[in-house]
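Chains, contacts and geometry: an overview
Below are the chains, spelled out letter by letter.
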Amino acid sequence: MEFSEAIGRMFELSEKGLYVDALQLAAGVVPANRDQSTRLAYNRACLLALNGDRSGAIETLEHATSDPLVWYSPGMLQSDPDLRSLDGDGRFVRLVEEGGRRRADAQRTATWRRLTVRPPEGAEPPRGTIVILHGNHSNTDDILPHWEPVCNSGWTLFFVESSQLGFHTFVRAWEEYPTAQRDVNAAIETLSDRDRATLILAGFSRGARTAIQLALDGTVPASAVIAHEPAPLDGFDEWLKSVSPRRVPVVTALGENDPYRGDGEAIAERLGALVQVVRLPGISHEFPAGFPDLVRKWLARPG
């Protein structure tokens, strides 16, 4: 089972209250790198806390952060309902404080990555550039395998990472919209005139919502948006009232089992005639099998 699939399955078991089953699944997951081990430790800590093992949860977080390059953000630790039972524990307080210090140090020197994937030789004629934003608390590596095959259809893929650090050392977030505007604008400025001639914005989760905002307020002169499971709704209405939205066609894909589907439905409702909603049976907050084929279909008629 792939790492992302295992995390998704653990989430589903947790939602059903099957914490022991989820922990057993976690025990069999072998992380491929430091990013995955950091995420897995956090998920295990949440499951342990939910199962009543407060000490085990804290020890799991302490072990992960024994690596001086690893931290978890205070905001996430203090707001995650899964960890609420740890509030007030002196060891947890120290984890929060140390996470704040390490995150502040890391943010001061943070850079962000831009990755261009061009169509291979012999692919279809060039059609334009898709600017792709990862989800919140994620990175380009998470979404690259799901998008990469699309370049065979003649599209250049331009992945932009946020400069805002996420809930742990190796992931990024799109929390502050003005910073997202700055990051994406600066990235697009590095593209050639030819690459900028036809732009489509795309994203997953918070990246999808950010892509919608960037297109509708004119920050990016995109001709269309592909928004896969956009979320959250919080703050979107206030933002929408503050702009005069451009009429940009949006394809919004919503997983039938996505726990954030209500947010995605509400965002789609706000967009009205601009949006085409595609519902994905049996899909949670994830990329479905055959995602590149779905994208090719949407690209054939983005309006």
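This section reports on the structure supplied with the text. Computed from a predicted model, the values in this text were never measured in an experiment. (Residues numbered from 1 in each chain as written. Predicted model: local features only at pLDDT ≥ 70, side-chain atom pairs only at ≥ 80, totals over all residues. Heavy atoms only, no water.)

On to the sheet that holds strand β9 (residues 275–280). The sheet built from seven strands is open, its strands ordered β1-β3-β2-β6-β7-β8-β9 with mixed pairing. For this open sheet the edge positions go to β1 (114–117) and β9, each flanked by a neighbour on one side alone. Going across the sheet, the axis of each strand differs from the next one's by a mean of 15°, ignoring polarity. Across four bridges, the pairing between strand β7 (residues 224–228) and strand β8 (residues 250–255) is parallel. The partner of Ala227 across the bridge, within β8, is Thr252. Sheet contacts for helix α12 (residues 261–271): β8 and β9; angle to β8, the most-contacted strand, approximately 155°. (Pairing = 2+ DSSP bridges. Helix = DSSP H or I, 4+ residues; strand = E, 2+ residues; numbered from the N terminus. Axes fitted to C-alpha atoms, helices over the stretch in contact; angles between N-to-C directions. Contact = heavy atoms within 4.5 Å.)

According to the stated counting rule, one finds 19 salt bridges in the structure shown. Residue Arg113 is joined to Asp141 by a salt bridge in which the shortest nitrogen-to-oxygen separation is 3.1 Å. Of the two residues, Arg113 sits in the loop between α6 (90–108) and β1 while Asp141 sits in helix α7 (residues 140–147), which places them 28 residues apart along the sequence. Salt bridges here are not isolated pairs; linked through shared partners, they connect Asp35, Arg39 and Asp142. (Salt bridge = Lys/Arg side-chain N within 4 Å of Asp/Glu carboxyl O.)

Quick look at the environment of Thr169 now. By secondary structure assignment, the location of Thr169 is in the loop between β4 (164–165) and β5 (172–173). Assessed through its relative accessible area of 18%, Thr169 is described here as buried. Between the C-alpha atom of Thr169 and that of Gly90, which follows or precedes it by 79 residues, the distance is 23 Å. (Buried < 20%, exposed > 50% of the residue type's maximum accessible area, 1.4 Å probe, protein only.)

This part takes up the packing of aromatic side chains. On inspection of all chains with the given rule, the structure shows nine aromatic pairs. Aromatic ring contacts, followed pair by pair, group Trp147, Phe204, Phe287, Phe291 and Trp298 into a single cluster. (Phe/Tyr/Trp six-rings, centres within 6.5 Å; stacked < 30°, edge-to-face > 60°.)

Here the second largest pocket defines a volume of roughly 260 Å³. Lining the second largest pocket are 14 residues, and of these Thr111, Leu165, Thr169, Phe170 and Arg172 sit closest to its centre. Across the lining of the second largest pocket, the residue classes tally to six nonpolar, four polar and four charged. (1 Å grid on protein atoms, 1.4 Å probe; cavity = no way out; pocket = protein on both sides within 12 Å on 5 of 7 lines; lining within 4 Å. Points joined across faces, edges and corners; volume = space filled by probe spheres on them. Nonpolar A, V, L, I, M, F, W, Y, C, P; charged D, E, K, R; others polar.)

The next point concerns the nonpolar core. Counting 35 residues, the largest nonpolar core has Leu201, Ile212, Leu216, Val225 and Leu271 as the members making the most contacts within it. When contributions to this core are tallied by element, the ones reaching two or more residues are β2 (128–133), β3 (155–160), α8 (177–189), β6 (199–204), α10 (206–216), β7, α11 (236–241) and α12. A per-element tally of this core places α10 first, with six residues. In this structure Val225 touches Leu201, Ala211, Ile212, Ala215, Val248, Pro249, Val250 and Val251, once residues within four positions along its chain are discounted. Within the second largest apolar cluster, 31 residues are counted, among which are Leu23, Ala41, Ala57 and Tyr72. (Core = buried A, V, L, I, M, F, W, Y, C linked by side-chain atoms within 4.5 Å.)

This part covers helix α1 (residues 3–15). The terminal C-alpha atoms of α1, which comprises 13 residues, lie 18 Å apart, in line with the 18 Å expected from a rise of 1.5 Å per residue. Considered for burial, the residues of α1 that qualify are Phe3, Ala6, Ile7, Met10, Leu13 and Ser14. The buried residues of α1 occupy one face: seen down the axis, they fall within an arc of 120°. Against the buried residues of α1 lie α2 (19–27) and α3 (34–50). (Expected span 1.5 Å × (residues − 1). Arc of directions from axis to C-beta.)

On to the pairing of β9. Judged from the six bridges that link them, β8 and β9 form a sheet pairing that is parallel. Its bridge partner being in β9, Leu254 is matched across the sheet by Arg279. What joins β8 to β9 is α12, and the crossover it makes is right-handed. (Right-handed = clockwise from strand over helix to strand, strands pointing away.)

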